Amino acid sequence: MIIRAGTGPDCTMAGLVEKPDRAHAARLAAHHGTDRLRLLQGRVRLTPELLHHLRAIARHSASEPKLSVALAANARNHSVRVVTNTNPMIDLGTPDT
């Protein structure tokens, strides 16, 4: 869950909470307000700064970086814009094996 900062169309990522349970999500809503919370849908536009950040994480990690966590870490030093989609989306789910 993304915690947004700012108002209107120019919001940025202030933080990220990975898969909060119901109680944690309720505390986030009470603390930040529901208007500041968004679900991460997995759509990202890569910038040179984010690619540099991902490369640095990958060099110092035995496993591949998780994109949502890398985005949250990158947001601490760079502005990560949050775009809210109000149109219905199709969840393609897990590909068949």
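Note: the structure precedes this text.
Residues numbered from 1 in each chain as written. Predicted model: local features only at pLDDT ≥ 70, side-chain atom pairs only at ≥ 80, totals over all residues. Heavy atoms only, no water.

A. A look at the nonpolar core. One finds I2, C11, M13, L16, L50, L54, A70, L71, A72, A75, V80 and V82 forming the largest nonpolar core, which totals 12 residues. At four residues, helix α3 (residues 67-75) tops the list of elements feeding residues into this core. Listed in part, the five residues of the second largest apolar core include M1, V17, L28 and L37. (Core = buried A, V, L, I, M, F, W, Y, C linked by side-chain atoms within 4.5 Å. Buried < 20%, exposed > 50% of the residue type's maximum accessible area, 1.4 Å probe, protein only. Helix = DSSP H or I, 4+ residues; strand = E, 2+ residues; numbered from the N terminus.)

B. Quick look at the sheet that holds strand β3 (residues 37-38). Taken in spatial order, the four strands make up an open sheet running β3-β1-β2-β4, and their pairing is antiparallel. Both edges of this open sheet fall to β3 and β4 (81-82), since each of them pairs with a single strand only. As defined by bridge partners, strand β1 (residues 2-5) adjoins β3 across two bridges and the pair is classed as antiparallel. Within β3, the residue paired with I2 across the bridge is R38. (Pairing = 2+ DSSP bridges.)

C. Layout of the pairing of β1. The pairing of β1 with strand β2 (residues 11-16) spans four bridges and is antiparallel. What sits directly across from I2, in β2, is L16.

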